[in-house]
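# An overview of the molecular structure
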Amino acid sequence: MIAGFVAAIAVGTLLLLLPIAASGEPATFMEALFTATSAVCVTGLIVTDTPVFWSGFGEAVILVLIQIGGLGVMTVASLLGVLVSRRLDLSSRLVAAASTRTVSLGDVRRTLVRVVILALVIEAAVATVLAVRFAVAYDETLGRALWHGVFHAVSAYNNAGFALFSLSLIDFVADPWIVLPICLATIVGGLGLPVVLEVLRERVRPARWSVHTKITLLMTTLLLVGGTVFFLVAEWDNAATMGGLDNGGRVLASFTQSAQARTAGFNSVNTGEMHTETWLGTIILMFIGGGSGGTAGGIKVTTFAVLAVVIWSELRGDPDATVFDRRISPATQRQALTLALLGVAIVVLPTLWMTALSPFTVDQILFEVTSAFTTTGLSTGITAQLAWYHQLVLVMLMFIGRLGPITLGTALALRARGRLYRLPESAPIIG
């Protein structure tokens, strides 16, 4: 799996190094490597202005890399679920199947087909709406409208955040026919394949949804609503972002930022001009991310929800952490804690090093590092100004952030083993 992503990045880098890929001077190695990694890892961070620097051939290469990366992530996440289930004994496998409704051993081919069909259907629908809007409201030619529609639909569904406009979606901040389809594709792509398929299969019987699906949908809704309210309050009077919009425009812009912060990376207001406290809230949303098995990054909403339930249960003195009338296993709790703390370490350590060796402030560096690790793509505008070795760190963070949570979660599940004995308990003083 890792070799496959490395190969895709390598091929993409070589293609973007070709003179035909740039509209002017050919790309440098770092520009090509950074862009290819960002596309394959569906991040969206850039060191060049995509519509200005890259030619039509270069944009097509980026589009293909985004599609490969997005489909690859969903396929890998689904098939690793099969790998985990094969390593479990029969009773554990039956329990896992009943509680999560993941793909079974005989569903490998069906899973691959579903991944591709679901992506193509959603991308085609969003591309059609966008193309019509670009042609009718913005007087673009049919060919250019179709190209813009397809590119942004693919970029949105795969949570990539690449745009063919230098200002991303800022020029369309108050146009619901542009930003809402893109947000919808982002949300669906970020839910994860198991959740989307289960909702479609049991759409008239939501009571039969698995705990995983219920947690993902609940947390996604809460974060979307909470994020919208947060951005609305934090940026209401900021003349550089939402201050010049009417009330409806402010709400739409706030919803767009809330949806894109987990973890697509389009922006309809100037991220670099946001208040510092808004950056902090965005960092939190980016770190949480989206659903497991989807194109979103971060530690995932299920990880965050499990930790929240554990904390609440501990505060109440409950012996078990329960959610939706189900008990969360100790192994799942340990896995969530491990993934979250490793994520914090991966963000904090590069931030300390880059802050010490760059002229930028710690909040700017923390924003860029978190955006790279969570494969979000939002930026305060300093990415292109960083030294090459700092950009290389972001390249590594994008790769780790894209594959790390998936492989780590699988590895922790596969390493679970029983013991024939248990050591005596001890209770160190906490707090």
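Residues numbered from 1 in each chain as written. Predicted model: local features only at pLDDT ≥ 70, side-chain atom pairs only at ≥ 80, totals over all residues. Heavy atoms only, no water.

### Some remarks on the UniProt feature "transmembrane region" (unreviewed entry) in the chain
Quick reminder of the rule: UniProt positions are given in the numbering used here, feature names are shortened, and annotations may be inferred rather than shown by experiment. Secondary structure elements are defined from DSSP: runs of H or I of at least 4 residues count as helices, runs of E of at least 2 residues count as strands, and each element is numbered from the N terminus.
UniProt's feature table lists "transmembrane region" (unreviewed entry) at residues 61–84, 115–138, 176–197, 217–234, 283–315, 336–356 and 388–414, given in the numbering used throughout. Taken as a whole, residues 176–197 contains 95% helix and 0% strand, while its terminal C-alpha atoms sit 27 Å from one another. Split by type, residues 336–356 is 100% helix and 0% strand. Its first and last C-alpha atoms lie 31 Å apart.

### Concerning the pattern of salt bridges
Basically, it comes down to this: What makes a salt bridge here is a side-chain nitrogen of Lys or Arg within 4 Å of a carboxyl oxygen of Asp or Glu, nothing more. Burial classification: accessible surface area is computed with a 1.4 Å probe over protein chains only, and a residue below 20% of its type maximum counts as buried, one above 50% as exposed, and the rest as partly exposed.
Enumeration over the complete set of coordinates arrives at three salt bridges. Here Asp-318 and Arg-316 are joined by a salt bridge, their closest N and O atoms 3.8 Å apart. Take Asp-318: its relative accessible area is 30%, and that puts it in the partly exposed class. On the basis of relative accessible area, Arg-316 is assigned to the exposed category, the value being 53%.

### Examining the packing of aromatic side chains
Filter applied, for reference: Under the pairing criterion, centres of Phe, Tyr and Trp rings, with the six-membered ring standing for Trp, must be within 6.5 Å; the plane angle then separates stacked pairs below 30 degrees from edge-to-face pairs above 60, leaving the rest tilted. Put simply, a charge is over a ring when the Lys NZ or the Arg CZ is close to the ring centre, within 6 Å, and near the line of the ring normal, within 35 degrees.
Overall, the coordinates contain 11 aromatic pairs when judged by the stated rule. Seen in terms of ring centroids, Phe-53 and Trp-54 are 4.8 Å apart; in terms of plane orientation they differ by 80 degrees. Their pairing is edge-to-face. Accessibility classification places Phe-53 together with Trp-54 in one group, the buried group. Pairing Trp-279 with Phe-367 gives two aromatic rings, centres 6.1 Å apart and planes at 55 degrees, and the pair type is tilted. Taken together, the residues Trp-279 in helix α12 (residues 276–288) and Phe-367 in helix α15 (residues 362–373) connect sequence positions 88 residues apart. Among the residues examined, Phe-367 registers a relative accessible area of 0% and is labelled buried. Ring pairs connect the aromatic residues Phe-134, Tyr-138, Phe-165 and Phe-172, which therefore count as one cluster. In this structure, Arg-250 is placed above the aromatic ring of Trp-236, and the distance from its NZ or CZ to the ring centre is 4.3 Å.

### Describing empty space enclosed by the protein
What counts, and what does not: Points on a 1 Å grid over protein atoms alone make up a cavity when a 1.4 Å probe fits among them but cannot get out, and a pocket when they form an open set with protein on both sides within 12 Å along at least five of seven lines; lining residues each have an atom within 4 Å of a point. Grid points are joined across faces, edges and corners, and a volume is the space filled by probe spheres set on the points. Each residue gets one label: Ala, Val, Leu, Ile, Met, Phe, Trp, Tyr, Cys and Pro are nonpolar, Asp, Glu, Lys and Arg are charged, and the others, such as Gly, are polar.
If you walk through the whole model with that rule in mind, you get one cavity of 30 Å³ or more. The calculated volume of the largest cavity comes to roughly 70 Å³. For the lining of the largest cavity, the secondary-structure elements that each account for two or more residues are α8 (176–191) and α10 (211–235). No other element matches α8, which puts four residues into the lining of the largest cavity. Across the lining of the largest cavity, the residue classes tally to four nonpolar, five polar and one charged.

### Considering the nonpolar core
The following threshold applies: The nonpolar core is taken to be a set of buried Ala, Val, Leu, Ile, Met, Phe, Trp, Tyr and Cys residues, with the residues joined through side-chain atoms within 4.5 Å.
Leu-16, Ile-62, Ile-66 and Leu-394 are the most contacted members of the largest nonpolar core, which has 49 residues in total. Elements with a contribution of two residues or more to this core: α1 (2–17), α2 (29–40), α4 (56–86), α7 (142–157), α14 (330–356), α15 and α16 (388–415). Counting residues per element, this core draws most heavily on α16, at seven residues. Within the second largest apolar cluster, 30 residues are counted, among which are Ile-122, Ala-127, Leu-169 and Leu-191.

### Some words on the confidence of the model for the chain
Note: predicted coordinates in regions of low pLDDT should not be interpreted at a detailed level. Selection criterion: In predicted models, pLDDT denotes the confidence assigned by the predictor to each residue on a 0 to 100 scale. By definition in these notes, contact holds between two residues if any of their heavy atoms fall within 4.5 Å.
Residue-level pLDDT values for the chain average 87, and 87% of them are 70 or greater. Residue range residues 88–103 is modelled with pLDDT below 50. Its contacts to residues more than four positions away, or to other chains, number 19 contacts.

### Regarding α12
Definition in use: The span you would expect from a helix comes to 1.5 Å times its residue count less one.
With 13 residues, α12 ought to run about 18 Å at 1.5 Å a step, and its terminal C-alpha atoms sit 19 Å apart, in line with that. All buried positions along α12 are accounted for by Thr-278, Trp-279, Gly-281, Thr-282, Ile-283, Leu-285, Met-286, Phe-287 and Ile-288. Residues of α12 that are buried in the fold lie against α10, α13 (301–316), α14 and α15. One or two residues past the end of α12 sits Gly-289, with phi positive at roughly 80 degrees.

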